[in-house]
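Descriptive analysis of the structure
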Amino acid sequence: VFFLLFRTVPAVLLPFGTVVLAVIWTVGLMTLCGSPLNIVSITILPLITVIGVITAIHLFSCYYKAARRMRDPSVLVRHVLSTMGWPCFLASFTTALGFASLGTSKIVPVREVGLYSAFGVMAALAIAILLVPIVMQWHASLPQEKKHLLIGIKLGHETSIGVNAYHYPSGN
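1. As for the side chain of serine 35
- Mapped onto the elements of the fold, serine 35 is located in the loop between helix H2 (9-33) and helix H3 (44-67).
- You can call serine 35 buried: its relative accessible area is 9%.
- Here glutamate 112 takes part through its side chain, which lies 3.3 Å from a polar atom of the side chain of serine 35.

2. Focus on the state of the cysteines
- Scanning the entire structure with this criterion turns up zero disulfides.
- Its sulfur unpaired, cysteine 62 is 8.8 Å from the next cysteine sulfur, which belongs to cysteine 88.

3. Side note on a nonpolar patch on the surface
- A cluster of nonpolar side chains, Val20, Leu21, Ile24, Trp25 and Phe119, forms an exposed patch at the surface whose accessible area comes to about 450 Å².
- Of the residues forming the nonpolar patch, the biggest block, four residues, is contributed by H2.
- Structurally, isoleucine 24 is set in helix H2.
- On the basis of relative accessibility, which here comes to 51%, the residue isoleucine 24 falls in the exposed class.

4. Quick notes on the nonpolar core
- Among the nonpolar cores identified, the biggest contains 19 residues, and Leu59, Phe60, Tyr63, Val80, Val132 and Met136 are the most heavily contacted of them.
- Of all the secondary structure elements, the ones that give two or more residues to this core are H3, helix H4 (73-100) and helix H5 (108-140).
- Per element, the largest residue contribution to this core is eight residues, and it comes from H3.
- Residue contacts for valine 80: discarding those within four places in its chain leaves Leu59, Cys62, Tyr63, Gly85 and Met136.

5. So, the packing of aromatic side chains
- As enumerated under the stated definition, the model contains two aromatic pairs in all.
- When the centroid spacing of 5.6 Å and the interplanar angle of 25 degrees are considered together, the rings of tryptophan 86 and phenylalanine 89 count as stacked. Within this pair, tryptophan 86 and its partner phenylalanine 89 are both found in helix H4, separated by three residues, close to a single helical turn.
- The class for phenylalanine 89 is partly exposed, based on a relative accessible area of 29%.
- Measuring from centroid to centroid gives 5.4 Å for phenylalanine 89 and phenylalanine 93, while their planes differ by 15 degrees, and the two rings are stacked.

Rules behind the numbers
- Residues numbered from 1 in each chain as written.
- Predicted model: local features only at pLDDT ≥ 70, side-chain atom pairs only at ≥ 80, totals over all residues.
- Heavy atoms only, no water.
- Helix = DSSP H or I, 4+ residues; strand = E, 2+ residues; numbered from the N terminus.
- Buried < 20%, exposed > 50% of the residue type's maximum accessible area, 1.4 Å probe, protein only.
- Polar contact = N/O pair within 3.5 Å; in protein donor to acceptor, adjacent residues only side chain to side chain.
- Disulfide = S-S within 2.5 Å.
- Patch = residues over 30% accessible without salt bridge, like charges linked within 9 Å, V, L, I, M, F, W, Y side chains within 5 Å.
- Areas by Shrake-Rupley, 256 points an atom, 1.4 Å probe, with all protein chains shown as cover.
- Salt bridge = Lys/Arg side-chain N within 4 Å of Asp/Glu carboxyl O.
- Core = buried A, V, L, I, M, F, W, Y, C linked by side-chain atoms within 4.5 Å.
- Contact = heavy atoms within 4.5 Å.
- Phe/Tyr/Trp six-rings, centres within 6.5 Å; stacked < 30°, edge-to-face > 60°.

This is the structure:
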């Protein structure tokens, strides 16, 4: 689905990479705190996955919409962060607060799920805000030939699947 929307390898791999790092950090924190994985705490992993991927998707979506108008990679990345940074932060922060409120529960597994989920959501946000712009700027600075190698396929002369649209001159 990500490949159909964005049609670049970084846009497919990076949302999952940010989530994998956030899950590793969260499970690492759980291990450091001595909290075992159990039937309740295992629900943290899909929660972080869904919420973390959404943040990266919002950043990439804004990036590809703005890339149609802006050509300078550093200006483009600054635009994405200034446009989507605050909304992504607020969405993740309020979600983390909701999960953290479960920390007041007297039921230990529920309390742990709430606190570790809050940590995981904020970790996914931090990783996305730090990692996604770096990859965006790197990808935007590549020559067009190398981008085609990362895309993998050309879908015709003009393609407009999802939010990403490339124009390929005829004959290529």
